[in-house]
Amino acid sequence: MKQMKQMKQTGPAHAMRPTPSADTLDIRGLRVTLPGTARPVLDGVDLTVAAGETVALVGESGSGKTITSRSALRLLPPGAVVEGTVRVDGQDVLAMDTDRLRGVRAGTVAMVFQDPRAAVNPLRRIGDFLTESVILTGAMSRTQATARAVELLRAVGLDDSLLRKYPGQVSGGMLQRVVIAAALMGDPVLLLADEPTTALDVSSQAEVIALLTTLRERFGTGLLFVTHDLDLAAAISDRVYVMYAGRIAESGPAEVLFTRPRHPYTAALLASTPRMEGPRGRLAAIEGQPPDLREPLHGCAFAARCPLATEVCDQQAPLPSAAPDRPDHRAACHHSDLLEGSAVDA
C-alpha cells in the first residue's frame, strides 16, 4: 500500500484549508456502558485521525466500530454512560453544550451512512437535501448554498440537473455520491464513512472509494472509514485500527499491519479473507463467538478463540505495546512476540 500523494488544488480557493497541526479526531480512553450490560460496549478506546489522513476501523460486526465513529458526533445510544474524551478539531464533543454540538454537527464533522436511500427524504428534491442544513443554520444564503451544491455535485462527477430530481429518479451509486456531496456542504474537517459501499454493486463501490480518496486529498479532510472489508481497508487507508469486543486489538500503518500482524485476531481475520488467487478448499474461519455483553470480561477478550492463549490471557487484559522496531505499530496481546517477524499475504 502506497501512501496517497497530495493532489494539486483543482477547486475554488475556499475548497482548500490550511492543514492544522492538531488531529481532526482524537479519542482518548473512551468507555461507553449501556444499561443491562455486564461490560462496556467500548472499553478504553484510543484513536486519532490527522488532517488529510484516511484511517480505517475494521473488525467483526458488533465489535463497536459504529459506536466509535458516531461518538465524534455524540450520537450515542440512550442511557449510555460515557467516560473519556472525544476531541474534534481540538474540541471535546462530550463536554459541549447543545448549541456548540449543533455547530459541530452542522459543519465540523459529517457522516456518510451505509444506505444512501435511508439518508434522504424520498419526497424532497435532491437540491433541497443538499442545501437545507447550511441554509437553516445560517451558514449560507440560498444563493450561496445552491452554488456550493452545484460545485460539489461536479466534484463528485454529477451535474446540476440532479438538483431538480427526486432520490427515486437516480441510481444507488449516484445517490451515494449525492450523500457524499451533502456531507461536504459545510466544509467539514472530519468525514465519517460507516460502511459507505455496503449497499452498492461492485462497480459503484469502486467508484465511491476512488471518489472518497480524491475528495480527501482535494479538500484536506480527515477520513475515518469503518469497514469489515480488509482488502478495502488496505487499499484506501494510511493507518488501521483493528477492533474486537469494544477494544483496540492492534493499530499501525496499513502496509505493515496487513503484512506483519502482531495480534492473533488480525492474523485470523486476514487468513479468513477470500482470495481469488488463494488455494482451493474450505475457507479458514475463526472458531467460536465474540464475548457476550451480558458476561463480564476478566482477561483478553479474544482468549477463548485464540490458539496462542495461556493462563495469563484469561486472567489479565493485555495493554497495547509497540513492536521493537516500529513504535507506531501497537498490539494488545501477551504473546505478540510469537507473531513478530511472520508474514501474511494481505
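About the cut-offs
Residues numbered from 1 in each chain as written. Predicted model: local features only at pLDDT ≥ 70, side-chain atom pairs only at ≥ 80, totals over all residues. Heavy atoms only, no water. Helix = DSSP H or I, 4+ residues; strand = E, 2+ residues; numbered from the N terminus. Rg over C-alpha atoms; globule rule 2.2 N^0.38 Å. Buried < 20%, exposed > 50% of the residue type's maximum accessible area, 1.4 Å probe, protein only. Areas by Shrake-Rupley, 256 points an atom, 1.4 Å probe, with all protein chains shown as cover. Lys, Arg positive; Asp, Glu negative; His and termini not counted. Charge placed at Lys NZ, Arg CZ, Asp CG, Glu CD. Phe/Tyr/Trp six-rings, centres within 6.5 Å; stacked < 30°, edge-to-face > 60°. Core = buried A, V, L, I, M, F, W, Y, C linked by side-chain atoms within 4.5 Å. Contact = heavy atoms within 4.5 Å. Polar contact = N/O pair within 3.5 Å; in protein donor to acceptor, adjacent residues only side chain to side chain. Axes fitted to C-alpha atoms, helices over the stretch in contact; angles between N-to-C directions. Parallel < 35°, antiparallel > 145°, perpendicular 65-115°, else oblique. Left-handed = near helix turned anticlockwise from the far one by under 90°. Nonpolar A, V, L, I, M, F, W, Y, C, P; charged D, E, K, R; others polar. Pairing = 2+ DSSP bridges.

> Just give me the short version of the overall build of the chain, but keep the residues and values in it.
A count of helices and strands for the chain gives 11 helices and 12 strands. A compact globule built from 346 residues would reach a C-alpha radius of gyration of about 20 Å, and the chain, at 21 Å, matches this within 12%. Projected onto its principal axes, the C-alpha coordinates of the chain cover approximately 65 × 50 × 40 Å. The burial tally for the chain puts 48% of its 346 residues in the buried class. Accessible area of the chain: about 16400 Å², with a carbon and sulfur share of 52%. Here the chain contributes 36 positively and 39 negatively charged side chains, and the mean placements of these two sets differ by 6 Å.

> So what's going on with the environment of Ser204? Residues and values would help.
Within the secondary structure, Ser204 sits in helix α6 (residues 202-219). Its relative accessible area of 10% is what places Ser204 among the buried residues. For Ser204 and Ser161, which are 43 residues apart along the polypeptide, the C-alpha to C-alpha distance reads 20 Å.

> Describe unusual backbone geometry, with residues and values.
Residues other than glycine predominantly adopt negative phi, and peptide bonds predominantly adopt the trans conformation. One non-glycine residue with positive phi stands out, namely Asp89, at about 55 degrees. Its location among the elements puts Asp89 in the loop between β4 (81-88) and β5 (91-92). Its relative accessible area of 35% is what places Asp89 among the partly exposed residues. Even without glycine at this site, Glu195 takes up a positive phi of about 50 degrees.

> Outline the packing of aromatic side chains, listing residues and values.
The full count for this structure, using the stated rule, is 3 aromatic pairs. Both rings, one in Tyr244 and one in Tyr265, keep their centres 4.6 Å apart while their planes meet at 55 degrees; by these two values the pair is tilted. You can see Tyr244 sitting in strand β9 (residues 239-244) and its partner Tyr265 sitting in helix α9 (residues 264-271), a full 21 residues away along the chain. For Tyr244, a relative accessible area of 5% gives the class buried. Residue classification places Tyr265 among the buried positions, given a relative accessible area of 0%. Through successive ring pairs, a cluster of aromatic residues spans Tyr244, Tyr265 and Phe302.

> I'd like a rundown of the nonpolar core, residues and numbers included.
Core analysis: the largest hydrophobic core is formed by 38 residues, its most contacted members being Leu130, Val178, Ile180 and Leu215. Breaking this core down by element, the ones donating at least two residues are β6 (109-112), α3 (126-136), α4 (142-155), α5 (172-183), β7 (190-194), α6, β8 (222-227) and α7 (230-236). No other element matches the 7 residues that α5 contributes to this core. When neighbours within four sequence positions are excluded, Leu130 is seen to be in contact with Ala149, Leu153, Leu163, Val178, Ala181, Ala182 and Met185. Judged by nonpolar contacts, the second largest core, of 31 residues, contains Leu34, Leu57, Val189 and Leu192.

> Before we move on, could you go through the side chain of Asp26 and cite the residues and values that matter?
Structurally, the position occupied by Asp26 is in strand β1 (residues 25-33). Note on Asp26: relative accessible area 18%, which makes it buried. In terms of polar contacts, Asp26 uses its side chain to reach the side chain of Arg28, at 2.7 Å. Not counting residues within four places of it along the chain, the set of residues in contact with Asp26 comprises Leu47, Thr48, Thr85, Val86 and Arg87.

> Help me get a handle on the packing of α3 against α5, residues and values and all.
The geometry of α3 relative to α5 is characterised by a closest axis approach of 9 Å and an angle of 20 degrees between their N-to-C directions. Taken together, α3 and α5 sit at an angle that is classed as roughly parallel. When you trace α3 past α5, the crossing you get is right-handed. Across from Ile126, Phe129 and Leu130 in α3, the residues of α5 making contact are Val178, Val179, Ala181 and Ala182. Taken together, the residues of the contact of α3 with α5 sort by class into 7 nonpolar, no polar and no charged.

> Give me the lowdown on the environment of Leu42, citing residues and values where you can.
By the element assignment, Leu42 lies in strand β2 (residues 42-49). Dropping the residues within four chain positions of it, Leu42 is found in contact with Leu30, Arg31, Val32, Gly64, Ile67, Thr68, Met243 and Gly246.

> Talk me through the sheet that holds strand β11 (residues 321-323); I want residue IDs and the actual numbers.
Taken in spatial order, the 8 strands of this open sheet run β6-β7-β8-β3-β9-β10-β12-β11, and their pairing is mixed. On the outer flanks of this sheet lie β6 and β11, each paired with one strand and no other. Adjacent strand axes in the sheet meet at a mean angle of 25 degrees when their direction is disregarded. Examined bridge by bridge, β7 and β8 share 5 bridges and lie parallel to one another.

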